[in-house]
Structure formats: C-alpha cells, structure tokens
Amino acid sequence: MFYISKAVAVIAVVAAVGAVATIIALSVVYAQEKAKNEVTAPSTTGPPATTGSPATTGLPATTTPSIPKEPWKRYRLPDSLAPISYNVTLWPRLEPNKGGLYIFTGHSVVVFTCVKETDLIIIHSNKLNLTRFQDHLAKLSGLDGATVPSVSNSWLEEPTQYLVVQLSSKLQAGKSYELYTEFVGELADDLGGFYRSEYMEDRVKKVVATTQMQPTDARKAFPCFDEPAMKAIFHMTLIHPVGTVALANAMNYGEPNSDVTNTLLIITVVSVQQNIIWARRKAIEEGQGDYALNKTGPILTFFEKYYNSPYPLEKSDQIALPDFSAGAMENWGLITYRETALLYNPDMSSNGDKEWVATVISHELAHMWFGNLVTMKWWNDLWLNEGFATYVSYLGANSAEPDWNIKDLIVLNEVHGVMAVDALASSHPLSSKEEDIQKPEQISELFDSITYSKGAAVLRMLSEFITEAVFSRGLSYPSITLSLFKWSSFQAVNATTPSLGLPESVEDIMNRWILQMGFPVVTIDTKTGRVSQKHFLLDPDSVVERPSPYSYEWFVPITWAKADGVEQQYWLLKKEDTNTKMTIGTGEWLLANINMTGFYRVNYDSENWERLLTKLSSQHQDIPVINRAQIIDDAFNLARAKAVSTILALKTTKYLFREVEYMPWQTASRNLDYFFLMFDRSEVYGPMQAYIKKQITPLFNYFKELTLNWTKIPDGHTDQYNQVNAISMACSTGVEGCEELTTGWFRAWMKDPTNNLINANLRSTVYCSAIAAGGVDEWDFAWSMYKNATIASEADKLMYALSCTKQPWLLNRYLEYCLDPEMIRKQDATSTIVYIASNAIGQPLAWDFIRANWNHLFNDYGGGSFSFGRLINGVTKRFSTEFEYKQLQQFKEDHVEGGFGSATMALEQALERTKANINWVSLNKEQVLAWFTNETASPVY
C-alpha cells in the first residue's frame, strides 16, 4: 500500500456504464452494517446464555488482561485451523433500499484444514448481519468423509471481531471441512471495507462500489481468516448490472483460480473499458491513463530483471477511483489507486504529478513480488513489505524516466523527513514483537513514515554497503522465492563477494537498525581522528523509556572523503574509536556520509565546520549536491538538539544566494519552515522574512532569465521544481515583481475561466499566492473551479490553494465544508484541515475545529484510518507555548475514554515535540532575532 504523506493522490477503482454508469470495485474489504437492512436478523452479539450450551460456552473473567483465557477474546487467531480456499459471492445494490441505505448481500464457503484438534471455529467477521440456520450463524460440513460435529453455539464477539462457532465435539486433525455463511452489509461511504463512492459525470450521479481490505477490513466483506499469513485460493463471484464487466485478481475465464493469496489482496471490479488502465469513462477518453499505460510495461520489465523472476500473474490491471482513503493498494493483479496517483494529463498536470504517478505505480508493481509473492508473517514486520517497495519504487521509476535522476530524490522525499520523526523519544523500531501488535488500531498505527521511509532508508543503506548488484542477487536467493525473507539470503550472496569486507554478518549489522528505534549522530574530530556515536534525539533532555537490545549503539558504515574527493569507507563498531586517516591538515576539509547513503547524522569539530562553510561560500560545487543538502539538514537538526549552535546552522544558508540546485534549496526551505512555525507570530518574523528575501532574489532572477521572462519551462526535472521554489519563496517574502506576476496570471484566468494559461508546474504556487493576496472574489472563483474540476490533480492544487487565504471567515467556512462530503470528499477532509492549519491564520481555527468536532471526525471519518495520525501531527506542529501544551494535554484527557485509534502514537509525539519546541524557542529566540537583523543589514556579497 502507498499511504499519503503529501496531500496527493493514492488509489482508486472506477466505473462508467452507459447513461447511469456504475462501476463496481470489490477489493477484499467490505462494508459496515447499520440497523436498517433489507434483511432483518435477530441479535447475534455475544454468546447466548442457553441451558443447552456446553460447559465451555460461558465467558468467565479473564485471569490476565494481556492474555485472555478465552481464545475469542484474543486478537490473534488460534493456530488450530488453516484456510484452503474461499468461494464468495457478493451482490452490491447500487440504489438505496426503502430505508435509504445502500447494502450488499453475499454468501461464502471457506474450506479449511484442522491442524490441531479443536471444538472451536473462530473466524473474523465485522459489521456483517449474518443469517441464522436453525438458530446458528453458520453451517458446517465435512469433506472426504470427515466426521462433522454439530454446532452447539455461535455468536459474534464484537470487541475482537470474530464469528465464534462452538462444536459438540472436536474436529479431527488433518481433516478438511467447509463453513457456509450468508450475510448482509451496508455499502457505506466510509472508505473502508466494501464501500460506496460517488461522482458526477454529465450532471448524472454515478455510484461506484469498491473495496479496501488492508489491513483488517476483509472481515467487513465476508467471514474470513483475516491475517496476512493465512493464504488461500479465492473464487470470487460478483453479481452486477447488465452492461458492466466484472474484474478480479485473476483472469475472468470461468476457470478455477489456483493463485494463492491472503485476504488483504483480493479485489473485484465492474467496468466497461477493456484495458489494463481503468478509470472514469471521460478520463480514459481524454487520455489521462496513457502515461500510466506507457510506463507500466517498462517498470514491470525492470522488476522482472531485478528480481530475476517473471511477473507471477497473467494480467496487471490498474484502476483509478474517485474516493480512496489510503495510498494505492497492491491487490494482486488488480491494483487500486486514487485518481491523482494513476491519471496524468500533460496539459493540466505538473511534473510533480507525473513523478507521483511513476513512483506510486512502481511502488505497487514492486509489491507483486515482494509483499504478495513474498509475504510477511505478521504486521510487526510490515516495514519489510512497505519499506522495500518504497526503496525500489525509486529504482523502477528511474528505469522508466532515466533523465529525472530520481534516485537522488529519495534523500529529500524519505530520508530527511523520517529522521525528524525517528529522533523523538516516542519513536518506535522498524520491527516490533508480535505480541506488541494485536489490535486493528495498533496495526493501522504502523502505516507511518517509520515503516515506509525509514524502511526504505535502511534498505538503501544496505544496498550501498553490499552494492546494489549483491542486494538484488540476494532477493532472488531460494529462501526469498519460497515466500520467506531472511537476512541469510544476503549473507549467502555476500559470502561469494569477499571484496565487500563486511565486519559482521548482514543480520548482525541490520538488526541494530531494525530492532531498536532511532539512529546515531556520528561525531568526527578531524584534529585527532576520534570518531564516536550517540543516539540522536531532537530533544536531548527527553527520556527514552523504550529499552534497546543493543543499548542504542549501531554498526555504522561511514563513507568519507577529503578535499581530494577520494571516497573511503570505515566501519564504526563501538561507541568510540580512532581513525587517524580522518585527521586533516591546514586548509583541508573532511566530509562524511557521502551522498547521505547512511541513515545517520554527522557532526564535526568546530574547525572542520568552519572549513565546510568556507568551501560552500567560495566553491560550493566542489561538494556533491546531495551533501550540500545534507550539511544544511544535519546542521539545523544538530542545532535543535543543542549539539551545535543555531547560528552555525543559519550560516549554512548564507551561500544560497549563489546556489541554483533544487536539493539544497528545498532542504533549506524545509528547515527554515520550522523557524517560521516557531516565530511567525513574534517579532522575529520581520527580520527573518527580510533575510530570506535577500537570499531568494538571485534565484528568482535566475529563473526569470532562464525562462525568458517566465515564457518557457526549464528542461531539467529538478530545475522545474526549483523554479516553483523561487516563485513561492519570492512571493511570500515580497520580492519585487513576484506578487504582480502571480496575481496577473490568476486574474487573467478569472476573466476567461475556460482558458487557463498558467503552466501546470506553477499552478499550485500561483493559485496560493493569488488567493493569499486576494479576497472573497478570488476564493469563490477558485472554489467554483475546484468543484467543477474533472482532473484530480488540478482539484488537488485548488484544494490546497483555498487554504492560503488570509481571511479568517473564509478559512472557517472551508473548515465547515470538511464536515460535508458533498463539499469535500471524505478522503480529502483530513488533508484539507492540515492545509488550513499550515496557514498561520488558520492554525488556531483548525485546532478549535478539531477539538469541537473530534467525536464526529473520529467516528464518521474513520479514527482507525491511516490519516488520523497525520491530522494530529499537522494541526499541532506549530505548538510552542506552555498554553498550547496544556491544551494538548487537556485534549488527551477529554478523549481518553474513546481513545485516539491510529492517532494514539501521533498524539504522544505531538506532546513530546511541543515540549521540545517550547525549550528551543526559549533558548534561541533572542540570538536568532539578532542574527537575522544583522544579516539583513549587511550586503549580499
């Protein structure tokens, strides 16, 4: 799965049928049930207290809360049964019933083997209304002569989401049985399970029935053994309207399916287009699927070579959906996407939109081997699935777009950002103990930047120190192809490459990065050659309560070079060591973590820092561009951790008036954003704005000249990104001519709404700048364009820009729209709130809105979804006062009973981050004000 870290697109499944068009997408994830259904069934909650029940039927109090005595009170399935196959029929109703509800009906037969004798059948079922058969919720039969015990009791155990069937005697080990159920569920608009999506086309409302099973919602579609290791064969039958076509994971030939998968990866879709790219009819007719279609083949070819294994299925369908909550979902053979992650219009979409499509497609196709064919046993190792796909997505996208140099952008997109999270005392290891991850909300919490981005970063580091060739060979080793991931695979390949000279086994090296949270800061004293490591914490005074099996020490692969540019490698295997080769003479400088391939930060003695700053100011091109970005990012984060002075960090930006490359500018912009978050409500704001204006003006003029006075677009991929940086920062700091430029473009569009001449790359920045400078007329025009947008990426740009207004009443109106799915789709509500909170004027409004509407948002918008952690992070990132800290504590106390679902960890991180912000502002405000004031007064050169 590809979750959204930006407010960009993710995954989708769509339908377009004739005049009434309804496309149905069923991924093994199903719908919620409410009281009103076409079928009325008696209550099925809890074990019936009948006198005829066997002695084991009662529910005595559990002896230990952590491991309940009764197996149906535990969140993990017993190991007594193993599924073999499912035969499932689903019938979604695309019109509401008499009670006004959209529903689906279905029946399922699951064939399973009894592994250990048991008189209990425990299978997942959530929010399904099950039909009773002779007062029981399921029918059991035996296969191949197996003796079938009678059903003595059955009930739904709601807290653990089980259907429990108690038997009069035990099932026989080694024998096979089948369990039959019939059910009704609601085809709701909750973006989880089997759900309903709606969109307008030619002024006609179209209904889409689609699914999202991962991580724990297959049980909302039909009763199933809903755990990743419980693989089986699935036979899916979909009853659908005439004029539509049913799609599923395998080909629809009417032949038995023999591909084994798990409940997370099943999907069925109904549509009328015959293509491997599926979407709304108009989107396909306009060619919005062409780019994805053209790049899918080359990416698949790359992965076949990379894995040394052919694509494991007969087809590769991809579908874009109007409503989807997560990123993209790697349903085997039928991948679902949000529209912005699959559809691309060259006239309306930016180069960033194109990159997003390429990387998300690559991420999902990578899963077809690693994640689907090779599967994790349990969710505690989710990082292997998602971290790996995130890392190799850059390799696959690079094969499709070799001119982009996209492999370098992993540093900006993944490494820098996740280091800020992993430097908190409330972070977590990549891999947890199985027993620590039990409940659905705990599983959902794992879909975070640690899992995706840190997972990608440490695998990138591994591929660097064992080489990419050895890394890819390790993936095709026999133990991998047997659906088991083992470090020994890489060690076996490493043993055939003695030139690598690893100091320890691959497993011993990697366990230190996987089984303990955080990462080290490596400090190098170039006067003595002393090298040391220490667990890096953004707040050095925070208390680390989580124990580490390695005492927070790592085996660190240090790459380094002196002024001659010759790269060398050194392994730091203990807390402190000496490497005399790292001493330097007068006039020399040393740089470590070349191209930031290692997941650690670097600090130096003060003399080497000054020499690096001097080199940046005189000949910055002598330092690799990634390392120019790394120097800035390390310095700012070390300053927040009180390891270097904040003034040293600010000095790394002084050379930027000479810099034209994207990565250093983007890194500086992100780090200075923290200063804006902390100081945009204080007297520091004015001098800070003046300093950035002074630094950005040469870059603004550079692109003005390069683009012939803004009449053309730069050729380079990252140059196009940096042009956006130049305009955005210039307009926000008042560079002469910038606001006139953006507002002029926007007003020209307002005068002729059918002819938008603003280049797609610049639209997000131009829209934001013009709306910020304007009033209600600009806002209302942008809102009208948003509601009428037929291209998802264009709608996303407008959705963001609407949050840029400086009018509080417009921001409050926009927040209220987030509660109305007719105004803002549920999939976009949390992103919109976060956008508004990023606006200094909107932040307190968004915080008040969250507190006033938390119960509604949590219950109706999916507190267990992946987006709620990002909602808490986004709304609280500006918090830096004791008053705000107390408000956050009170918010936690007010909702302790209902809990925070997938936002639980994010709330703890927000509290820790707020306390660190308070301390940082108190320590740095005066000196930062003085530095900005002094630098603004001095000339540029």
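Calculation criteria
Residues numbered from 1 in each chain as written. Predicted model: local features only at pLDDT ≥ 70, side-chain atom pairs only at ≥ 80, totals over all residues. Heavy atoms only, no water. UniProt positions renumbered as here; feature names shortened; annotations may be inferred. Helix = DSSP H or I, 4+ residues; strand = E, 2+ residues; numbered from the N terminus. Buried < 20%, exposed > 50% of the residue type's maximum accessible area, 1.4 Å probe, protein only. Contact = heavy atoms within 4.5 Å. Areas by Shrake-Rupley, 256 points an atom, 1.4 Å probe, with all protein chains shown as cover. Salt bridge = Lys/Arg side-chain N within 4 Å of Asp/Glu carboxyl O. Disulfide = S-S within 2.5 Å. Expected span 1.5 Å × (residues − 1). Core = buried A, V, L, I, M, F, W, Y, C linked by side-chain atoms within 4.5 Å. Pairing = 2+ DSSP bridges. Axes fitted to C-alpha atoms, helices over the stretch in contact; angles between N-to-C directions. pLDDT = per-residue confidence, 0-100. Phe/Tyr/Trp six-rings, centres within 6.5 Å; stacked < 30°, edge-to-face > 60°. Lys NZ or Arg CZ within 6 Å of the ring centre and 35° of its normal. Parallel < 35°, antiparallel > 145°, perpendicular 65-115°, else oblique. Left-handed = near helix turned anticlockwise from the far one by under 90°. Nonpolar A, V, L, I, M, F, W, Y, C, P; charged D, E, K, R; others polar.

- Looking at an unreviewed UniProt entry, one finds the protein chain named Aminopeptidase, with Myripristis murdjan as its source organism.
- In its Sequence similarities (unreviewed entry) section, the UniProt entry covering the protein chain states "Belongs to the peptidase M1 family."
- Here is the UniProt Subcellular location (unreviewed entry) comment for the protein chain, exactly as written: "Cell membrane".

### A short note on the overall build of the protein chain
Turning to step 1, where the next piece is worked out: Of the regular secondary structure elements, the protein chain holds 28 helices and 25 strands.
Turning to step 2, where the next piece is worked out: Relative to its 941 residues, the protein chain shows a buried fraction of 62%.
Turning to step 3, where the next piece is worked out: Contacts in the protein chain between residues at least 24 apart in sequence constitute 74% of all its contacts with a sequence separation of at least 6.
Turning to step 4, where the next piece is worked out: As displayed, the protein chain has an accessible area near 35100 Å², and 51% of this comes from carbon and sulfur atoms.

### Describing the side chain of Thr-765
Turning to step 1, where the next piece is worked out: When you line up the elements, Thr-765 lands in helix α20 (residues 763-773).
Turning to step 2, where the next piece is worked out: The buried category is assigned to Thr-765, whose relative accessible area is 13%.
Turning to step 3, where the next piece is worked out: Apart from the residues within four sequence positions on either side, Thr-765 is in contact with Val-724, Ile-727 and Ser-728.

### Here's the deal with the pattern of salt bridges
Turning to step 1, where the next piece is worked out: What the rule picks out here adds up to 37 salt bridges.
Turning to step 2, where the next piece is worked out: Arg-601 is paired through a salt bridge with Asp-633; the nearest N and O atoms lie 3.0 Å apart. Of this pair, Arg-601 sits in strand β25 (residues 601-604) while Asp-633 is found in helix α14 (residues 625-640), placing the two residues 32 residues apart along the sequence. With respect to class, Arg-601 is no different from Asp-633; both count as buried.

### Let's talk about the state of the cysteines
Linking two cysteines covalently through their sulfur atoms gives a disulfide.
Turning to step 1, where the next piece is worked out: Inspection of every chain in the model, using the stated rule, returns two disulfides.
Turning to step 2, where the next piece is worked out: Across the disulfide from Cys-768 sits Cys-804; the S-S distance is 2.0 Å. Here the S-S torsion is close to -105°, and the disulfide linking Cys-768 with Cys-804 is therefore left-handed. On the criterion of sequence distance, the pair formed by Cys-768 in helix α20 and Cys-804 in the loop between α22 (792-801) and α23 (808-817) is long-range, its members being 36 residues apart.
Turning to step 3, where the next piece is worked out: Accessibility expressed as a relative area gives 9% for Cys-804, which makes it buried.
Turning to step 4, where the next piece is worked out: Across the protein chain, the way the bonded cysteines pair up, counted in sequence order, is 1-2, 3-4.

### Side note on helix α6 (residues 410-422)
Helical geometry: 3.6 residues make up each α-helical turn, so side chains three or four residues apart lie on a common side.
Turning to step 1, where the next piece is worked out: Its 13 residues give α6 an end-to-end C-alpha distance of 17 Å, which sits within 8% of 18 Å, the value for a rise of 1.5 Å per residue.
Turning to step 2, where the next piece is worked out: Listed in full, the buried residues belonging to α6 are Ile-410, Val-411, Leu-412, Glu-414, Val-415, His-416, Val-418, Met-419 and Asp-422.
Turning to step 3, where the next piece is worked out: The inward-facing, buried residues of α6 contact α5 (382-400), α8 (449-465), β25, α14 and α16 (662-679).

### Thoughts on the UniProt feature "active site" (unreviewed entry) in the protein chain
Turning to step 1, where the next piece is worked out: The positions that UniProt labels "active site" (unreviewed entry) are, in the present scheme, Glu-364.
Turning to step 2, where the next piece is worked out: Relative to the assigned elements, Glu-364 resides in helix α4 (residues 351-367).
Turning to step 3, where the next piece is worked out: Residue classification places Glu-364 among the buried residues on the basis of a relative accessible area of 0%.

### Some remarks on the nonpolar core
Turning to step 1, where the next piece is worked out: Core analysis: the biggest nonpolar cluster contains 215 residues, and Ile-558, Phe-599, Phe-675 and Ile-833 have the highest contact counts within it.
Turning to step 2, where the next piece is worked out: When residues in this core are grouped by element, the largest group, 11 residues, is from α16.
Turning to step 3, where the next piece is worked out: Excluding its chain neighbours within four sequence positions, the residues that come into contact with Phe-599 are Val-415, Val-418, Met-419, Asp-422, Lys-454, Ala-457, Val-458, Met-461, Trp-513, Phe-519 and Pro-520.
Turning to step 4, where the next piece is worked out: Ala-146, Val-151, Ala-209 and Phe-234 belong to the second-largest nonpolar core, a separate cluster that totals 49 residues.

### Re the sheet that holds strand β19 (residues 520-525)
Turning to step 1, where the next piece is worked out: Taking strand neighbours across the sheet as the criterion, the four strands line up as β23-β20-β19-β25 in an open arrangement whose pairing is mixed. Two strands bound the open sheet, and with one partner strand each, they are β23 (576-578) and β25. Each strand of the sheet is rotated relative to its neighbour by a mean of 20°, with strand direction disregarded.
Turning to step 2, where the next piece is worked out: Relative to β23, strand β20 (residues 530-535) is paired through three bridges, and the arrangement is antiparallel. Following the sheet pairing, Ser-532 is matched in β23 by Glu-576.

### Considerations on the sheet that holds strand β17 (residues 317-321)
Turning to step 1, where the next piece is worked out: Pairing in this open sheet of three strands is parallel, and the strands run β16-β17-β18 from one edge to the other. Two strands bound the open sheet, and with one partner strand each, they are β16 (277-278) and β18 (334-338).
Turning to step 2, where the next piece is worked out: As defined by bridge partners, β16 adjoins β17 across two bridges and the pair is classed as parallel. Bridged to Trp-278 within β17 is Ile-319.

### Description of the side chain of Ser-880
Turning to step 1, where the next piece is worked out: Counting through the fold element by element, Ser-880 comes out in the loop between α26 (867-876) and α27 (882-894).
Turning to step 2, where the next piece is worked out: For Ser-880, a relative accessible area of 9% puts it in the buried group.
Turning to step 3, where the next piece is worked out: Residues contacting Ser-880, with those up to four places away along its chain left out, are Met-678, Arg-681, Thr-914, Asn-917, Ile-918 and Val-921.

### Quick look at the confidence of the model for the protein chain
Turning to step 1, where the next piece is worked out: For the protein chain, per-residue confidence averages 86 on the pLDDT scale, and residues scoring 70 or more make up 86% of the total.
Turning to step 2, where the next piece is worked out: A low-confidence stretch, residues 268-275 (pLDDT under 50), is modelled with 52 contacts involving residues beyond four sequence positions or located in other chains.

### Brief notes about the pairing of strand β21 (residues 556-562)
Within a regular strand, side chains alternate between the sheet's two faces.
Turning to step 1, where the next piece is worked out: Burial runs high along β21: seven of the seven residues are buried.
Turning to step 2, where the next piece is worked out: Of the two faces of β21, the one lined by Val-556, Ile-558, Trp-560 and Lys-562 and the one lined by Pro-557, Thr-559 and Ala-561 are each fully buried.
Turning to step 3, where the next piece is worked out: In this sheet, strand β22 (residues 568-572) lies alongside β21 in antiparallel orientation, the contact comprising five bridges. Directly across from Val-556, in β22, lies its bridge partner Leu-572.
Turning to step 4, where the next piece is worked out: A loop of five residues connects β21 with β22, the two strands running antiparallel in sequence, and Gly-565 in this loop sits at a positive phi of about 85°.
Turning to step 5, where the next piece is worked out: Two strands pair when backbone bridges link them, and β21 and strand β24 (residues 590-592) are joined in this way by three bridges, in the antiparallel orientation.

### Describing unusual backbone geometry
Turning to step 1, where the next piece is worked out: A cis geometry characterises the amide bond from Gln-214 onward to Pro-215, with omega recorded as 0°.
Turning to step 2, where the next piece is worked out: Unlike most non-glycine residues, Asn-405 shows phi in positive territory, near 55°.
Turning to step 3, where the next piece is worked out: Within the fold, Asn-405 resides in the loop between α5 and α6.
Turning to step 4, where the next piece is worked out: The class for Asn-405 is partly exposed, based on a relative accessible area of 45%.

### Notes on helix α18 (residues 717-733)
Turning to step 1, where the next piece is worked out: In this model, α18 (17 residues) spans 25 Å end to end at C-alpha, consistent with the 24 Å of a helix rising 1.5 Å per residue.
Turning to step 2, where the next piece is worked out: Most of α18 is tucked away: 14 of the 17 residues are buried.
Turning to step 3, where the next piece is worked out: Looking one or two places after α18, you find Gly-734, whose phi comes out positive at around 85°.

### Digging into the packing of aromatic side chains
Ring pairs (aromatic) are described by centroid distance and by the angle formed between their planes.
Turning to step 1, where the next piece is worked out: Counted under the stated rule, the structure contains 58 aromatic pairs.
Turning to step 2, where the next piece is worked out: Measuring from centroid to centroid gives 5.1 Å for Tyr-674 and Trp-920, while their planes differ by 65°, and the two rings are edge-to-face. Of the two residues, Tyr-674 sits in helix α16 while Trp-920 sits in helix α28 (residues 904-937), which places them 246 residues apart along the sequence. Here Tyr-674 matches Trp-920 in class, with each residue buried.
Turning to step 3, where the next piece is worked out: When the ring centre of Phe-133 is taken as reference, the NZ or CZ atom of Lys-139 above it lies at 4.7 Å.
Turning to step 4, where the next piece is worked out: One residue, Arg-512, lies across the ring of Phe-555, its end atom 3.9 Å from the ring centre.

### Topic: the packing of helix α17 (residues 685-706) against α28
Turning to step 1, where the next piece is worked out: Between α17 and α28, whose axes approach to 8 Å, the crossing angle comes to 45°. For the element pair α17 / α28, the angle class is oblique. The way α17 lies across α28 gives a crossing that is left-handed. Contacts between α17 and α28 pair Pro-687, Met-688, Ala-690, Tyr-691 and Lys-694 from the former with Leu-929, Trp-931, Phe-932, Thr-933, Glu-935 and Thr-936 from the latter.
Turning to step 2, where the next piece is worked out: Of the residues that constitute the contact of α17 with α28, the class distribution is seven nonpolar, two polar and two charged.

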